[in-house]
Structure formats: C-alpha cells, structure tokens
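# Examination of the molecular architecture
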Amino acid sequence: MNINIEQSWKEILSDEFDKEYFHKLVNFVKNEYASETIYPEGKNIFRAFDNCPFSNLKLVIIGQDPYHGPGQANGLCFSVNNGIAFPPSLRNIYKELNQDLGITIPESGDLEQWSKQGVLLLNATLTVRAGAAGSHQNKGWEEFTDAVIKQISLKKENIVFLLWGAYAQKKGREIDLNKHYILKSVHPSPLSAHRGFFGNSHFSKANDYLHSKMIEPINWEIK
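Now for a look at the structure at hand. Since we're looking at a predicted model, the values are computed, not measured.

A few words now on the overall build of the protein. Looking only at helices and strands, the protein has 9 helices and 6 strands in total. Relative to the globule expectation of 17 Å for 223 residues, the C-alpha radius of gyration of the protein, 17 Å, shows essentially globular dimensions. Reported as C-alpha extents along the three principal axes, the dimensions of the protein are approximately 45 × 35 × 30 Å. Across the 223 residues in the protein, those meeting the buried criterion constitute 55%. Here the contacts in the protein between residues at least 6 apart in sequence split such that 66% fall between residues at least 24 apart. Seen as two clouds, the 24 positive and the 25 negative side-chain charges of the protein have centres 3 Å apart.

Take a look at the structure:
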C-alpha cells in the first residue's frame, strides 16, 4: 500500500508512518488487496484526507467502517458512489438535513462536496473485506485515526466535531473542549435515529458556530 496521501497530512502524520504498528498495517492491507475483494478501491483509501487538506479543515464527522457492499464505499464516511442506493444511515442524515435546514434530499449519495469545503469524513477503519463488516478492525487503523484526531485537536482550533453514536463519542474522548466545538447525538442508524438523531439540528448548529468564529459555514446542499 503506497502512502499516497495529501501533502499537508503527510507532514503532520509522518511520525505515524514510521511506527511499527503502521508497517504491520500496511503489510496486512497489501496482502488483503492481493488476495481478497477489499473496499474502497485502493486509490480511495485516503480520499477523506486528499479532498480536505489540513489547512482547509473546519469540521470532522467520524464513522466506523467503510461500507462492505459492492460499489458502495468511496473513502468518505457515510458516503456512497453515484448511482448506489442510499444506505439507511445516509438516508437518515439527509432526512435530518432536510428537517434542519430545508435542504432538498439530493439524488447523489457522494458527499465529496462536503469534504472539499473542509469537512473531514473520517472512518475509524479505512478498509474492509467485501461482505464482512468489521473485518479490518483491530489491525492498526484505529490507532492511526486516533492519531489523526489527536493532531487535529492539538494543532487546530475552532474545529466542529459531529460525534454520532457511542463509538464516535469514545473516539473523540481526547478532543480539547476548550479549543473545539463538539456536538453529540445517537447514531443515524434506523436502530437509534428516532432516539435523538432526528431533531439534533447539528448542521445548523455547526454553521452557527463557524459563523461566530468568522469561518465560512458549510454549504450542506449536494447538487
């Protein structure tokens, strides 16, 4: 696996790439791509970073695993390729977006337009075996993405973190609350969305915060 990641992130995360756990992770992922069907495509493993340079970063959404169905995962959490049916969590994100800001539910499930505005759509685990949810957990990705969150907390300020569900909230436990703005709710999954995701108004609250810090808000509309 070639560590072909956007230059500003490469510099900030360079220490991680030299660590033993990361070398083991690279070997594991290379072997998986060579012998199994793995998502997303190799070129999209670091797409979340490539679309959102460190200098542009405004907001972080934390997911867990890439989608493991054919054609779904594209390197951005909760996002799917054009022409793919919306997974249930993404459908509920769009419903809340419509309820919160009146934005029409789009035809596309690709969230690239968000990431290019400074939204880091970060899965905790960046690869997965086809049809096998969680298959690349506990191989090193979580340590890497913990380091990403730590570096953001240390080196940036006034970043909005949307932590949906217990897993994301645990992932964000070391974020500096004095420097950043954290919004928490249950996960948008159909199993929990009706217990507090719907009506959380996170999209408008995030933009209100950014505006208060003289930072250009996110245009959440996907065209």
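Over its 15 residues, helix H7 (residues 141–155) runs 21 Å from end to end, which matches the ideal 21 Å to within 8%, given 1.5 Å per residue. Of all the residues in H7, the buried ones are Trp141, Glu142, Phe144, Thr145, Ala147, Val148, Ile149, Gln151, Ile152 and Ser153.

Assignment of secondary structure puts Asn92 in helix H5 (residues 88–101). Residue Asn92 is classed as buried on the basis of its relative accessible area, which comes to 7%. Separated by 26 residues in the primary sequence, Asn92 and Pro66 have C-alpha atoms spaced 17 Å apart. Each residue touching Asn92, except ones within four places of it in the same chain, is listed here: Pro188, Ser189, Pro190, Ala193, Phe197 and Phe198.

Another point: the nonpolar core. In terms of nonpolar packing, the biggest core is built from 67 residues, with Trp9, Phe49, Ile61, Trp114, Leu120, Phe144 and Ile152 touching the most fellow members. What Ile152 contacts, discounting residues up to four positions off in sequence, is Trp9, Phe54, Leu57, Val60, Leu120, Ile159, Phe161 and His180.

Our next topic: H5. An α-helical turn contains 3.6 residues, so a residue and the one three or four places further along point in the same direction. Between the first and last C-alpha of H5 there are 20 Å, a value that for 14 residues agrees with the 20 Å anticipated at 1.5 Å per step. Three or more residues of H5 are buried, namely Ser89, Leu90, Asn92, Ile93, Tyr94, Glu96, Leu97 and Asp100. Those residues of H5 that are buried are in contact with helix H6 (112–115), strand E5 (160–164) and helix H9 (202–212). Immediately beyond the C-terminal end of H5, within one or two residues, lies Gly102, with a positive phi of roughly 75°.

Spatially, the 4 strands line up as an open sheet ordered E3-E2-E5-E6, and their pairing is parallel. The open sheet has two edge strands with one neighbour each: strand E3 (119–123) and strand E6 (181–185). Ignoring strand direction, the axes of neighbouring strands in this sheet form an average angle of 20°. As judged from the 5 bridges shared by E5 and E6, these two strands associate in the parallel manner. Residue pairing in the sheet places Leu162 in a bridge with Leu183 of E6. H7 contacts strand E2 (59–63), E3 and E5 of the sheet and is inclined by roughly 150° relative to E3.

With that settled, the discussion passes to the environment of Lys179. Examined against the element boundaries, Lys179 turns out to sit in the loop between helix H8 (166–171) and E6. Here Lys179 falls in the partly exposed class, since its relative accessible area comes to 23%. Expressed as a C-alpha distance, the spacing of Lys179 and Ser153, which sit 26 residues apart in the sequence, is 7.6 Å. Excluding its chain neighbours within four sequence positions, the residues that come into contact with Lys179 are Ser153, Leu154, Lys155, Lys156, Glu157, Asn158, Ile159 and Tyr209. Here Leu154 takes part through its backbone oxygen, which lies 2.7 Å from a polar atom of the side chain of Lys179.

Quick notes on the rules
Residues numbered from 1 in each chain as written. Predicted model: local features only at pLDDT ≥ 70, side-chain atom pairs only at ≥ 80, totals over all residues. Heavy atoms only, no water. Helix = DSSP H or I, 4+ residues; strand = E, 2+ residues; numbered from the N terminus. Rg over C-alpha atoms; globule rule 2.2 N^0.38 Å. Buried < 20%, exposed > 50% of the residue type's maximum accessible area, 1.4 Å probe, protein only. Contact = heavy atoms within 4.5 Å. Lys, Arg positive; Asp, Glu negative; His and termini not counted. Charge placed at Lys NZ, Arg CZ, Asp CG, Glu CD. Expected span 1.5 Å × (residues − 1). Core = buried A, V, L, I, M, F, W, Y, C linked by side-chain atoms within 4.5 Å. Pairing = 2+ DSSP bridges. Axes fitted to C-alpha atoms, helices over the stretch in contact; angles between N-to-C directions. Polar contact = N/O pair within 3.5 Å; in protein donor to acceptor, adjacent residues only side chain to side chain.

Function cannot be read off these values alone, since they describe shape.
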